[in-house]
Amino acid sequence: MTDRESLVAAWSAKDRTRAVLPADRALIDASATIRALIIDLVLSGGPEDELYDAAATLGRLVAQRGGSPTLASVTLDHAADVLDARSAPWLVPARAAVAEGFAATLVEAAELQAMRTWEFPRCAVPLGEAGLAICAGHPSDDDELLAAWAARVAKAAALAGVRRAVLSGGERACAALVDALGVAGIEVNIAPKPR
């Protein structure tokens, strides 16, 4: 076993003592490569930005694999312990990079889930006689995302036999739906705004 491998093994062993979820243990075993990179960057005195990028990647991995915030918050301290580097200047920013990667991944997942709730048929209510009311509340303000969403809604509505739709909601989302539904041959009416 090389020095790097023994350091990664020691770091992983320390992390296992703080694993609170089964996912933590699985993640610790699956993260040997990124751990080895972090060890290499610290030992070689490599560029700090690369170290912080690697630390952020570790944080993202913890979140993607369903790891705990506890593991994300202590893992770099364990690395510093095995490297005998508790007072090293890289520790605090690297710990912050892990936390930022972890948090950013959770936020991205929540945003993606929020966007999925607006997919057809969840955003629609049948009105009978091939009619449909569509709530254009998609949370994105990205025109490309809205256009893609509207195209999916229009396609699904057309395949469901919808011929008329009433829209209500955000201005940009409604505009994207008007375009997409028009292409699909669905007659569109915009619900009047409440006074």
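This is a predicted model, so every value here is computed, not measured.

J.: Please set out the overall build of the chain residue by residue, giving values where relevant.
T.: Secondary structure assignment for the chain yields eight helices and four strands. Mapped from its N terminus to its C terminus, the chain presents α and β elements in the order α-α-α-α-α-α-β-β-α-β-α-β. The globule rule puts the C-alpha radius of gyration for 195 residues at 16 Å, and the 25 Å found for the chain is more than 25% above it. For the chain, the spread of C-alpha atoms along the principal axes amounts to about 70 × 30 × 30 Å. The buried share of the chain, reckoned over its 195 residues, is 37%. A fraction of 64% describes how many contacts in the chain between residues 6 or more apart in sequence connect residues 24 or more apart. By element, 57% of the accessible surface of the chain is carried by carbon and sulfur atoms, the whole surface being about 10600 Å². Side chains of the chain carry 19 positive and 25 negative charges; the gap between the two charge centres is 8 Å.

J.: Account for the pairing of strand 3 (residues 164-169), naming residues and giving values.
T.: When strand 2 (residues 131-136) meets strand 3, the two strands line up parallel, connected through six bridges. The partner of Cys135 across the bridge, within strand 3, is Ser168. Taken together, strand 2, helix 7 (residues 143-159) and strand 3 form a β-α-β motif whose crossover is right-handed. Two strands pair when backbone bridges link them, and strand 3 and strand 4 (residues 187-190) are joined in this way by four bridges, in the parallel orientation. Among the inter-strand pairings, Leu167 is bridged to a residue of strand 4, identified as Ile190.

J.: Tell me about the environment of Lys155, and please be specific about residues and values.
T.: Among the secondary structure elements, Lys155 is positioned in helix 7. A C-alpha to C-alpha distance of 8.0 Å links Lys155 and Leu181, two positions 26 residues apart in sequence.

J.: So, the sheet that holds strand 1 (residues 124-128): which residues are in play, and what are the values?
T.: Here we have four strands laid out as an open sheet, ordered 1-2-3-4, and mixed in their pairing. This sheet does not close on itself; its edge strands, each paired only once, are strand 1 and strand 4. Pairs of neighbouring strands in the sheet enclose a mean axial angle of 25°, with direction left out of account. Taken strand by strand, helix 8 (residues 171-183) contacts strand 2, strand 3 and strand 4, and its axis lies near 165° from that of strand 3.

J.: Got a sec to walk through the pattern of salt bridges? Specific residues and values, please.
T.: According to the stated counting rule, one finds ten salt bridges in the structure shown. Across the pair Asp40 and Arg4 runs a salt bridge whose closest N-O atoms are separated by 2.7 Å. Within this pair, whereas Asp40 is found in helix 3 (residues 32-44), its partner Arg4 is found in helix 1 (residues 3-16), the two being separated by 36 residues in sequence. A relative accessible area of 30% means that Asp40 is categorised as partly exposed. Residue Arg4 is classed as partly exposed on the basis of its relative accessible area of 36%. The shortest N-O distance in the salt bridge between Asp81 and Arg86 comes to 2.6 Å. When salt bridges that share partners are traced, they join Lys14, Asp77, Asp81, Arg86 and Arg95 into one network.

J.: So what's going on with the pairing of strand 2? Residues and values would help.
T.: The sheet contact formed by strand 1 and strand 2 spans four bridges and is antiparallel. If you follow Val125 over to strand 2, its bridge partner there is Ala133. Two successive antiparallel strands, strand 1 and strand 2, enclose a turn made up of two residues, where Glu129 displays a positive phi of approximately 50°.

J.: Could you give an account of the state of the cysteines, with specific residues and numbers?
T.: A complete count under the given rule lists zero disulfides for this structure. Between Cys123, a cysteine without a disulfide, and Cys135, which holds the nearest cysteine sulfur, the sulfur-to-sulfur distance is 7.7 Å. The exposure class of Cys135 is partly exposed, given its relative accessible area of 36%.

About the thresholds
- Residues numbered from 1 in each chain as written.
- Predicted model: local features only at pLDDT ≥ 70, side-chain atom pairs only at ≥ 80, totals over all residues.
- Heavy atoms only, no water.
- Helix = DSSP H or I, 4+ residues; strand = E, 2+ residues; numbered from the N terminus.
- Rg over C-alpha atoms; globule rule 2.2 N^0.38 Å.
- Buried < 20%, exposed > 50% of the residue type's maximum accessible area, 1.4 Å probe, protein only.
- Contact = heavy atoms within 4.5 Å.
- Areas by Shrake-Rupley, 256 points an atom, 1.4 Å probe, with all protein chains shown as cover.
- Lys, Arg positive; Asp, Glu negative; His and termini not counted.
- Charge placed at Lys NZ, Arg CZ, Asp CG, Glu CD.
- Pairing = 2+ DSSP bridges.
- Right-handed = clockwise from strand over helix to strand, strands pointing away.
- Axes fitted to C-alpha atoms, helices over the stretch in contact; angles between N-to-C directions.
- Salt bridge = Lys/Arg side-chain N within 4 Å of Asp/Glu carboxyl O.
- Disulfide = S-S within 2.5 Å.

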